[in-house]
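Descriptive analysis of the structure
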Amino acid sequence: MPQKSASFKRGKAKPKAKSQGITTTDEPAVKKKKTIKDENFPRGGGVWKIQGSSDQSSSENIANPDAELFKEVDEQHKALQSRRKKKEEAKKSKAQQKPRVPILVDNQAEPHLLTRQILAPGMLVLGCVKEVHEYNLIISLPNNLSGTVALTQISPAYTQQLQRLTQLSEEDVANEETDVADLHTLFKVGTIVPCKVLSVQNTKQSGVKIKLSLKPEDINRDLTSDGLHNGMSIFGSISSVEDRGYVVDLGIKGVKAFMKSMDAEKFIQLHNEGYSLKVGQPVYCGLKLGEDRMERAAGETRTVNVTIDPMEVSVSQLKGEMDVKFNYLVPGMRVAARVTKVCDNGGVVVKFLNFKGSIPVTHLSSRSPTKGDQLKASVLYIHPTTKAVVLTTLPHILDYGGVPQNTALTQYDKGDIIEEARVLYTDLKRGVYFKIEDGVTCTALASPKNLSDDKNSGMKVNFKRGSVHRCRVTGVDWMDNVVHVGLKKSLFSKSFLSLKSLHPGDLLECEVVELRDKGAIVKSGNISGIIPSMHLADIPLKMPEKKFTPGRKIKCRVLKNDLVKKSLVLTAKKSLIHTQLPLLTDFTQLEKGLQVEGYIIKTYSKGVLVGFYDNVKGFVPKKELSTEEISHPEKVFYTGQVVKCLVLDWNTEKGTLTLSFKSEDWEQHGSRLADVPDNFKIGKTIDCKVRQKTKTGLDVVIGTSGVSAFLPRIHLSDFKATCDLQMEVIKPGNVLKNCVYLSRSSVLILSRRKSIVDYFKENAVVTNITDLKDGMLVHINDAHQGAGLVGLAPNRYVSDRQWQRAKEQYHTGQAVIARILQTNAEDNKCLVSLRMQECNQGNTDASIVEEYLQALDTMCKRGGKTSMFPSDMDIGDICTASYVGRSDDKVVYKLTDHAVAAKCPVDLMDDEDADNISSVDVAVLNFNLKDSSVDVVSNKEIVTAIKEKSQTKGKVNQKVKGKVLLICDEVTVIILHGSLKGQLAHIPTKKHLNDVIGPSFSVAQQLNISIKKIFSGHIVGVPDYPSHRQTNGQTVDGLDSENGKFNLDPGNVVEGRLQKLKKRSGILVNLVGGAKGIVCLTDLFDEYRNDPLTYFKQGQHLKCYVIDLGPRQTYLLSLRKSRITNDKSDVKDPEVLGVKSLKVGQVVRGYIVKKTSSDILVRIGRDLFGTIDGADFSQIDRRTKRLLFNGKIVISAKITSLEGDKVKMKFLSYKKDETRGKTVKRQLSTDSVESEGSRQVNSEGDSEDEGEKQPTRKKKRKKRKNDECETQTEESPNKTTERQSSLSELPSLKIDQAFSWDADLSLPPADGAGSSSEESDTEENQRKPQKSKKDKKKEECMLFEFEKKQLEGVVEPEKADDFERLVLQSPDSSLVWIRYMAYHLESSEIEKAQAVAERALKTISFREEQERLNVWVAYLNLENMYGTPAQLQKVLERAVQQNEPLNVYQQLVSIYIKSGKLEEAEQLYSKMVKKHSANKSVWLGFGEFLFRNGRAESARKLLQRSLNSLEKRDHVETISKFAQMEFKFGDSERGKTMFENILVNYPKRSDLWSVYIDMVVKVGDIEGARLLFERVINLQMAMKKMKFFFKKFLDFEEKHGDESTVAAVKQKAQEYVDSH
C-alpha cells in the first residue's frame, strides 16, 4: 500500500519533475514490462503504466482503457440494485396496506355496533327471520340492518327439489303429489338463523342490498369432524325424511347426521303444529356423541346423532375442555364469558374460552356490568378479515332453542300508534330510548332523524328522562329486541303504513311498478301488492302494457290481504271499484235474496264458480245460470267476468254457498241468440274447420261464412270411448264432415253423432209438442231442449231392469232413443220410455264399431312423440312380454320391444303361475287410452291360433263362429273358428243405444256372428242374438221370469245363468232381468268340496237364493240346497255369518284364497277370512301346496284367537281327493256303498228335479249316520291330540314337532280292508243267531266308527301284533312305523325300537322320500337321546347318503336344540353354512339360533358373512328376516335401521312395509307405527296395495287410537280415492 501511494504521489508530481529535468530510473521499466503482460487480463485493480517520456495527457490516455472496461459493468450493477430496491419497496408498501391481524388473546378493539361499512362478503352474522315471502326471506340483522335470502340459498337438498319440480310439466305437478314445502312452511317469523354475507351492494334507489345464504356448508365451512364435541349446538337443515327419523345436513365434510323421530317430537309439536319436518327446514342441533352412538364407515365418514329438542338445544354451550379452535366459532354458539374491561361507550370487552371478544351496549342485558363479571353470551358475528368476535347477552337469543318465542315485539306492526312511551335515556348517536308499557313491557328507539320534522330536535331538552310522548311504530328490530318509533308529525298524517291496517274491500290509490305475466306489481307507500291478470280490467286486455305503465297512478280495491304470507291481492276492475252492492267478505253477511257482485273464477259443465272478497266463493248451478237454457256454460261465461248474483243458500260449517244469476233486476245471461249463417237450419248437414281444441270440445268455423260454432266433446260420437279417441285424433286445422246444426240458444252447437245425423236425414226436426205422437220413436238431442221440449222417463221406464237411481246407468249427454208414451201440451212436456222392449227394433248397428276402429287406427298410426303407442303395432300382433305383477283379475306385463304396459285378464292366460315365467308371447287385442296400455292374451293356445291364423278372406254377410276374448265398454273382441280360424273380429258390446244392462255374453263364450264389413284388415260383425222367448207378456233373453216382474228381494229364489268362474272367489251369475250376482265359494254347497268350480260350467242355468244387495248393485247369492229348499238337516259345513258366531278352539273348514310372505288367508265365510301361519304348511309337498293355495282343496283349521275382526287359526288337515285313492273308507255292506254313491250322484248333479222321490228311510238313516261319523271325526282333532299326548310323556324320546309321533297326522289309506278278517267276520255272523235289523244297524255303525278311528290313528293299538297288522296294511306310512318305535320305547326296549327303524327303512319304498326322511329323523332322535355320539354319527352318515343332506342337517340341528345340546347345534350350523353357503334358509336358521341364545353380536356378524355368500336376489329377504330377529330378540332400533336401509332402495315393496309396521306395533311403538303408516299412504303404489294399507291403518287406529285418529284415517282414505 505505501508503494502504491508513493507511486500515486509521484504520478501527481510528474510535471514538476519534468520542468526540473529530472529523469526516471530503470525501476519503472521493469514494472512496465509486467504491466504490458497484465494489460489483457485485468484482475480487478488498476495498474498504472509509467513512462519517463510521457506527459500527463499521455498517462491519462493510458489509464482510460480500464475505465472504459468497467463502465458497462458498473451500469449493469447499478440497474440491478435499482430493480431490487424497487421490489423491496413494493413489498414493503403492500405489507403496509394489509391490515395487521390482531393477537386475539392480548388485543381487542373497542366494542362497536354493526354497520354497513363493517359488513363484508364472507362474514358470518346471526339474524332473525323478519318476513317470509313466496320466493325469498327478509332477515333482520343487528343494528336494524336487513338482508335477503333467495330461494336457492336455503339448502342443497331444497334446491334439488325445486330443480326437479321445474322439470315437471303443469299436468305432472297437478297429477303427482309433490312434497316440496313452501317458505311459509319452513320458516316462521322470529326464527333465529346464522347467515353468511354473500354480497353488499349500495344502490341509489333502494339503498344497501345485502344478500345472505343459509346453506349449512357456508355456515359451518371451517368445522371438521374432529372438532365436534358432545353438547355443541350446530346449525343444519333437513336433508331427507326417513321412516324412523331425519337426515340432517350439517355442511361438514365427512360428517353425516341422523336425528331420530323421538328427538324431533317436541320441536314438531311446538314449531310445526304436529306436522313432520320438511326438506330444507332449518334446525339447531345438539350433538349426541356417545361412543355407542358413533359409527365410522369405510370412507372415513363420521355418523353422529343429533337432537332438536328445544330443552336440550337451549342449554348447549361450548366449554374449555372441548379444545375449540377459533375457526370453529359460528354465530349462535353459546359460551361463558368474563368481563375484562368496561369501555366508555357502554360496551365491554370479554374473554371466553381462549379468545377475546366484545359486547356492544345494545346487546347487554345488564346496563351496568363490572370487571370480572361472569356472563353467558352467544356469538353475534365474526368479521372475516379482522377476526373480531362480537357477542350478545340478550335473553331472547340466549334462551333460543330452535322455536321462536312470543316476545312483546309480535304485537307491534308498522303504523301502530303508541300513546304513552316513557323516556329511558338518550344517546346522541343512537337516539332516544323509550319504555313501552302497553300490556307487555318492551324497549323502543327513536333515531335522531325521526324525532322531529325540524333539523334541530333538541334531544336533551325535549326528551328528558321520565317524560311521556306519543309515537308511531316504523319498524321492529328482532335482533336488538327493540321497536323503532317516530315522533315526527308527518308520520301521523300517513293513512296506511302496514298490511295490518288494510281490510278486504278497502279502496286505495297505487302506483304501477312493473307488469309481469301473472299481473301488475303496484305499491302504495311502503306496501306492495299484485293485481292478477284477470283483474286488470273488466274485460281481458290484449295489450295491457299500454295501460299499466310504470309510475302510473291507478285506483284499486283490496281483494285479499294475507298477513301470514305478507301478500296483498288487488283488483282494478271498474265494476268492482264503483259497485253499489254490498261487499261480501264473510259468511256472516249472508241473507237469502241478498244481491252481491263478484267475478267468475272458473266455469264447469255443471255450473260456474264465483269469487268475492277475502277468499269467499260461491257456486251457481247450471239451472240457475239464466232463465234461458245454457247447455255449455264455458261458451257463455269467461274467467274474470264480473257478475251479479242472488244468494240462495249456504252452509257455514262446510263453507259452501249457492248462488243464482236469475233476477229481473238485470239482463239474463245467454238471452241473445247466437249468430248463424244465412242458410241455417236445425238438422242441416254441413262441414266445419277446427279452430281450437278445449277440454270440453272443439271450436270450429263453419264453411266460408266465418261463423263460429262449438262441437261438444260428447257429440263427436254416440259412445264415450269413441269420443275420447276422436279428441286425440282431431287436430286444429282439420275439416270435419257430416256435422249437423243442433241448436242456437246462446251458442251455435253442432253434432257429429251418427245416430243424430241419420235421424235428421230420415225425420223432420220436432220443435213443437203437438208434433209428438204417442208411440213415436224419437232421438233425444239438444234441438228438443232448445225448443223447450222435455221428456221424463220414470224409473220403471228407464230400463228393463228396475233401478232405484237412473244416474247409475245413464250419464249426462248420453245418446238415447225414446218411445213417446204420453204428451202434455200445457207444460210442453212428455212421458217417455227408454226400455229396450219398447225402443229396440231388433237391428244392431255395427257402424259404431267401424267408427271406433278407424279412430283407433288413426291414433296409433300417427306416431311421433305425441303418440301413445308405437306406430308399427296393430291389433293381432304377437309380441314378447315380461312379467311385472298381478292382481285378482289381471296380470300386468311389459312389452319387451316397445316398453308399453300390457294387461292380460286372468281368464286369458294359462293356469300356470305367471310369476314363474320370465317372458311370454302375447297377442294384442285392444289399446287403452286411459292408462296408455294394451290389452293382450297370453294363453298359448290362443296366441298360437292367432300366429297361425287362416289367410282366407271373409265375406260380407258370412256366418262364422267365434269365441269371446275381451269385452270392452263399446267393442268386444272375438277369435274366429272354422275357415277364418285365428282371425280377430270386433262386434258391438251393446245391442242398442239404450242397452244399459250390459252384454248378454261372457268371456270364453261361443258366439255365432254375421260379418257386416271388412276394412283395413278389420272384421266387423254383429252377434246372432238368441230368439226372444215370450213369458207372460214379457221377453227375456234365454231366461224365464214370473208374471213379468223380477223379484230380487232378499229371501227369494230366482233363476240365473252362470256367466263367469272366478278362481279363489266363486262364480258370477246373470240373473233374470239383467241383474248380476255373485256366489261365494262357501255358498256353493252345504258340504265343502275340493275344486268346487269344476262342478259348474259356463252358461249353466242355476236356481239362486238371494241373500242381499251388495256393493256396486251386485246381488249376493247362495246355491246351498239348505237355502233353496229351507232344509238344513244335511248341512255339513254351516254358514259362518260373522266373528261373533265363532269361538276359540272351534274347528272350521274353508278355502285358501291368498298367500303372503308370512301368512295364509283362508275364506271361512262369505265376507269372513282367517289367517294361518305359513309355517304350518312347511311339510306339505309342492304339488299339494299349489292346489291348496289356488283354493282347490278344503282345509280344516282350529281358531286360536279372535281379536276384533281378525281371526287367527292353526292348520289341522286338508281334505284329500277321493278320486286319487288317498282316502279310502271302509264300507260295511253293499247297501251302504250304494246309498253313499246315490248321495254323491244326487249332490253333484247340475240340477235336481224337486219332484223326484226321496231315498228310502233306511238309506237316509245310513247316510246321516255316515255323515255324523265323519262330522265327529272332523271335530275331534283336539281330543285326539290330547289322547295322543299322553302316549308321548316319556322323557326319553323327543324329535322335531313336524315328525314327532304325537303329531296330528292322518294315517294313509289301506289298499285292502283286510279281506281275511272280513271273511272270518262273515262266517261268525252266519253261525250266530239272527239279530233284529235295529241291532244289526247299530252294531254296523259302531264297527264302522271303531275301524275308522283305528285307521285314522284316533284309537291307539295296544299290542305289538296290532302294530304289525298296521304296518302290513300301510307299509309306506312313516307315521305307523314311528308309533311302533314309540311303543317299544314306552317299555324301554331301545334295541327293538332301533330294529323297527331299520325295518322301516328297508320296507318303505324308495319313491316315498318324505316318508323315509321322517323315519330317519326319528332314528336320529332315538340315537341322540339313548345312543352314543359314535352311533349317532353313523346314522347321520347313512341318512346323508340316502337323503338330501341339507334336509337331514336341518332336522338334526333342530333335535340338538330341543335336547339342549347348543354347542353341537352351533358346530353343525357352522358346518352347514360352509357346505350350503348359497342357501339362505341355513343362514337364517343359524341367525335365529344365535339370537335366541343371547348372542346378538355374533348374529350381526353372521349377517355380513351371509351377504358375501348369497346371491344378490336373496339379500333383501335375508336382511328383512334378520331385521325381524332384531325386533324379536335384539335391538329394535337396529331393526328399524335395517328396514329403513332396505326401503331406501325398495320404497314400493308393500310386503316389507307391512312386516316393518307389524314389527314396530309389536314392540309397542305406537307413534312410530303411526308415522310409518303416514309415510306409506303417501307413496305412489297400486290402488290395491293402497287399499290394503288404508285398511290396515284403520284397523290399527281402531285398536290403538281414538275417534279423532280413526276419522283422520278415513278422511285421508277419502282424499286418496277422490284424487285417483
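Throughout what follows, the structure given in this document is the object of discussion. (Residues numbered from 1 in each chain as written. Predicted model: local features only at pLDDT ≥ 70, side-chain atom pairs only at ≥ 80, totals over all residues. Heavy atoms only, no water.)

This paragraph deals with a nonpolar patch on the surface. Taken together, the side chains of Ile539, Leu541 and Tyr638 define a hydrophobic patch exposed on the protein surface, amounting to about 260 Å² of accessible area. By the element assignment, Leu541 lies in the loop between β24 (527-532) and β25 (553-562). Taking relative accessible area as the criterion, Leu541 reaches 34% and is therefore assigned partly exposed. (Patch = residues over 30% accessible without salt bridge, like charges linked within 9 Å, V, L, I, M, F, W, Y side chains within 5 Å. Areas by Shrake-Rupley, 256 points an atom, 1.4 Å probe, with all protein chains shown as cover. Salt bridge = Lys/Arg side-chain N within 4 Å of Asp/Glu carboxyl O. Helix = DSSP H or I, 4+ residues; strand = E, 2+ residues; numbered from the N terminus. Buried < 20%, exposed > 50% of the residue type's maximum accessible area, 1.4 Å probe, protein only.)

Next up on the list: the environment of Gly982. Along the chain, the position of Gly982 falls in the loop between β47 (971-976) and β48 (984-988). Assessed through its relative accessible area of 1%, Gly982 is described here as buried. C-alpha separation for the pair Gly982 and Ala945, spaced 37 residues apart in sequence, amounts to 4.7 Å. For Gly982, the residues in contact, after removing those within four places along its chain, are Ala945, Ile946, Lys949, Ile975 and Leu976. (Contact = heavy atoms within 4.5 Å.)

Excluding glycine, residues mostly have negative phi values, and the peptide bonds linking residues are mostly trans. Phi at Asp614 is positive, roughly 55 degrees, even though this residue is not glycine. Among the structural elements, Asp614 can be located in the loop between β28 (607-611) and β29 (617-621). Of note, Asn957 is a non-glycine position whose phi angle comes to about 70 degrees, a positive value. By secondary structure assignment, the location of Asn957 is in the loop between α20 (940-947) and β46 (959-967).

As a further point, take the pairing of strand β39 (residues 817-824). As paired elements, strand β37 (residues 777-779) and β39 share three bridges and run antiparallel to each other. Paired with Leu777 across the strands is Arg819, a residue of β39. In the sheet, β39 pairs with strand β40 (residues 829-833) via five bridges, with the strands oriented antiparallel. Each residue of the ladder has a partner; that of Thr823, found in β40, is Cys830. Here β39 folds back onto β40 in antiparallel fashion, the turn holding four residues, of which Asn828 has a positive phi close to 60 degrees. (Pairing = 2+ DSSP bridges.)

Spatial ordering of the closed barrel is given by β46-β47-β48-β50-β49, a layout of five strands whose pairing is mixed. Shown here is a sheet whose adjacent strand axes are inclined to one another by a mean of 50 degrees, direction ignored. Note: β46 against strand β49 (residues 1006-1015), five bridges, orientation antiparallel. Counted as the bridge partner of Val960 is Ile1009 from β49. (Axes fitted to C-alpha atoms, helices over the stretch in contact; angles between N-to-C directions.)

We now examine the side chain of Lys215. Summarising the element assignment, Lys215 is placed in the loop between β5 (207-213) and α8 (216-219). Setting aside anything within four residues of it in sequence, one finds Lys215 in contact with Thr152, Gln153, Ile154 and Ser155.

If you look at the biggest cluster of nonpolar residues, it comprises 110 residues, and the most contacted ones within it are Phe434 and Val485. Each residue touching Val485, except ones within four places of it in the same chain, is listed here: Ile418, Phe434, Ala444, Leu445, Ala446, Ser447, Asn450, Cys471, Arg472, Val473 and Thr474. By size, the runner-up hydrophobic cluster in this structure holds 84 residues, among which are Ala1465, Ile1577, Phe1589 and Tyr1616. (Core = buried A, V, L, I, M, F, W, Y, C linked by side-chain atoms within 4.5 Å.)

Another point: α20. Among all positions in α20, only Ile942, Val943, Ala945 and Ile946 are buried. Projected down its long axis, α20 shows its buried positions confined to an angular sector of 160 degrees, all on one face. When the buried face of α20 is taken as reference, the exposed residues oriented beyond 90 degrees from it are Lys940, Glu941 and Lys947. Tucked inside the fold, the buried residues of α20 contact β41 (878-886), β44 (919-928), β45 (933-937), β46, β47 and β48. In this structure Asn939 caps α20, since a side-chain oxygen of it lies 3.0 Å from the backbone nitrogen of Glu941. (Arc of directions from axis to C-beta. Polar contact = N/O pair within 3.5 Å; in protein donor to acceptor, adjacent residues only side chain to side chain.)

With that settled, the discussion passes to the pattern of salt bridges. Enumeration according to the criterion identifies 38 salt bridges in this entry. Put simply, Glu1517 and Lys1480 hold a salt bridge, and the shortest N to O gap is 3.4 Å. Remark: Lys1480 occurs in helix α35 (residues 1480-1492) and Glu1517 occurs in helix α37 (residues 1515-1529); sequence separation between them is 37 residues. Overall, Glu1517 belongs to the partly exposed group, its relative accessible area being 37%. Residue Glu1540 is joined to Arg1575 by a salt bridge in which the shortest nitrogen-to-oxygen separation is 3.7 Å.

Moving on, we come to a positive patch on the surface. A cluster of like positive charges, contributed by Lys1206, Lys1208, Lys1528 and Lys1562, occupies part of the molecular surface. As for its position among the elements, Lys1208 is in strand β62 (residues 1206-1214). By relative accessible area, which is 39% here, Lys1208 ends up partly exposed. (Lys, Arg positive; Asp, Glu negative; His and termini not counted. Charge placed at Lys NZ, Arg CZ, Asp CG, Glu CD.)

Attention now moves to the side chain of Asn1443. Here Asn1443 lies in the loop between α32 (1429-1442) and α33 (1445-1458). Discounting residues that sit within four places of it in the chain, Asn1443 has contacts with Glu1409, Leu1413, Trp1416 and Val1448.

Pairing analysis gives five bridges linking β25 to strand β26 (residues 567-571), with the strands arranged antiparallel. Of the residues in β26, the one forming a bridge with Val558 is Leu570. Remark: four residues form the turn of the hairpin made by β25 and β26, two consecutive strands paired antiparallel; Lys566 in that turn has positive phi of roughly 55 degrees.

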